[in-house]
Amino acid sequence: MSENNWNEIIGGFIAIGGSLFLVLGSIGLVRMPDAYNRIQAGTKASTLGTILSLTGIIFIVPDWFGKLLLLILFVLITNPVSSHVLARAAYYTKVPLTGITKVDKLKETLEVEESRKAHLKKVRIQKEEE
Amino acid sequence: MIKKLLIVGLLTGLAFMFYGLLISYNGNETLTGLGSYYAQNGAREVGAANLVSAIVVTYRGLDTLGEVTILFLAAAIIGFVLKLKKDEVVEARPVRETSELLTSASQVIVPVIFLVGVYIFINGHLTPGGGFQGGAVIASGVLLMLLANPTMHISHNIVATIESISGIAFVAIGILGIVLAGGFLDNRLLPLGEFGTLLSAGAIPLIYIFIGLKVGAELSNIIGTISYNQNEKPN
């Protein structure tokens, strides 16, 4: 068997692995309990799935290496950022968390921030009174 | 249960409808008269490696001018509809602080998006794409900038100037085609060059640059109008 064929076989397997992740991601998109989990399932799985599929294509067609590398970089930057923005917007517009959520770090942070601001305000008022 | 049965019934009905369409469909396997003319003579007459842009910009250039006009009208009408009345005072929309991730990522991505947009419309005569697509990509970069900085103000004057200049240049090239070559929007007023290189296909790259700038400016203008009328008090 020539070297070229082996490349194609390896690339095919990697691409199939990628599509597996994409399928799992789309199942997660339907099955997960709330918006945040869905965003997470959709993003993580689709990022890795896309990257694996593109890597598979690199093995099959080595000439496209540069272009595909750029695509992978682009997906790596844009996918997490866009899902982060979506999740943030959902949180601030008060999309409910699922009932079994236990830890809400962002809420704690916001409360700390809020109390810090209130404290600063109080200090400033006191200084002005003096 | 009844709901599920209804859904299944609906899907089956849809499947039957599309099955009928699919069975009676037979695609055109041979080119029509005009199509075969384009396919046989397009590359030689126009010199563009991408036959679609050869047709869109030269053979059907007048239609493209019409499309650009439609887009311009749409942008103008959106501006007109969204324009606030003078006595209508709107509270400035409270803007939440944008997340640091988005602002830093947009600083990296926006130049790349602009570059891709410019690449798409400069290479319109060689690769799939062209002025409209490139312009839309550029406008999406502007949208990302607005998302990262919601209070950013897109200068109406600059956008309008770019749009007008590129519109006038588009028509001017068309008229130059009448004077120097065979007719309106004839691309042979510049030398056709070597087939498949960047500087080929006569005036097509030039026309596509202007279309790209115009479309990008128009779409950015729409985005800017919508954002402006939400954010700030009218003058």
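Given the structure is predicted, the values throughout are model-derived calculations rather than measurements.

(A) Quick peek at helix H4 (residues 61-82) of chain B. Residues and elements named next belong to chain B. Spanning 22 residues, H4 covers 32 Å between terminal C-alpha atoms, matching the ideal 32 Å at 1.5 Å per step. Within the span of H4, buried status applies to Gly61, Thr64, Leu65, Val68 and Ala75. Buried residues of H4 fall within an arc of 105° about the axis and therefore sit on the same side. What points out from H4, more than 90 degrees from its buried face, is the exposed set Leu62, Ile70, Phe80 and Val81.

(B) Representation of the interface of chain A and chain B in the model. Tallying the contact residues gives 8 residues for chain A and 9 residues for chain B. Roughly 760 Å² is buried in total at the junction of chain A and chain B, and carbon and sulfur atoms are behind 77% of that figure. Here chain A is connected to chain B by 1 residue pair in polar contact (both at pLDDT 80 or more).

(C) Region of interest: the nonpolar core. Residues and elements named next belong to chain B. With 17 residues, the main nonpolar core has Ala48, Phe170, Ile204, Ile207 and Ile211 as its most contacted residues. Where this core is concerned, the elements lending two or more residues are helix H3 (51-59), H4, helix H7 (156-180) and helix H8 (204-231). Counting residues per element, this core draws most heavily on H8, which supplies 5 residues. When sequence neighbours within four positions are dropped, the list of residues in contact with isoleucine 204 reads Val46, Ala48, Ser53, Ala54, Val57, Thr58, His125 and Asn187.

(D) View of the confidence of the model for chain A. Predicted confidence across chain A gives a mean pLDDT of 85, with 97% of residues reaching 70 or more. When mean pLDDT is compared element by element in chain A, helix H2 (residues 35-60) of chain A scores highest at 89, while helix H4 (residues 105-129) of chain A scores lowest at 82.

(E) Broad picture of the pattern of salt bridges. For the structure on display, the rule yields 3 salt bridges over all chains. As a salt-bridge pair, A:Arg116 and A:Glu113 come within 3.7 Å of each other at their nearest N and O atoms. With A:Arg116 and A:Glu113 both in helix H4 and 3 residues apart, this pair spans about one turn of that helix. The partly exposed category is assigned to A:Glu113, whose relative accessible area is 35%. Overlapping salt bridges, with partners in common, bring together B:Glu163, B:Lys214 and B:Glu218 in one network.

The rules behind these values
Residue positions are given per chain, counted from 1 along the sequence in the order it is written. Each chain takes a letter, starting from A, and each ligand takes a number, starting from 1, following the order in which they are written. For this predicted model, a pLDDT threshold of at least 70 governs which residues receive local features, and a threshold of 80 or more governs which side-chain atom pairs are given and counted, while totals over whole chains, interfaces and linings are taken from all residues. Neither water nor hydrogens contribute to the side-chain values; these are computed over all heavy atoms in the structure. Secondary structure elements follow DSSP: runs of H or I of four or more residues count as helices, runs of E of two or more count as strands, with numbering from the N terminus. Here the expected length of a helix is defined as 1.5 Å per residue gap, with one fewer gap than residues. Remark: exposure states derive from per-residue accessible area (1.4 Å probe, protein chains only) relative to the maximum for the residue type, with buried under 20%, exposed over 50%, and partly exposed in between. What the arc covers is the set of directions going from the helix axis to the C-beta atoms. For this analysis, residues touch if any pair of their heavy atoms sits within 4.5 Å. Buried area: the accessible area, evaluated with a 1.4 Å probe, that two parts lose upon being put together, summed over both parts. Contacts described as polar in this section are N or O atom pairs within 3.5 Å, which, within protein, must combine one atom able to donate a hydrogen with one able to accept it, while residues neighboring in sequence count only if both atoms come from side chains. Here, nonpolar core refers to any group of buried Ala, Val, Leu, Ile, Met, Phe, Trp, Tyr and Cys residues whose side-chain atoms link them within 4.5 Å. A residue's pLDDT is simply how confident the predictor is in it, with values from 0 to 100. Think of a salt bridge as a Lys or Arg side-chain nitrogen and an Asp or Glu carboxyl oxygen that are within 4 Å of each other.

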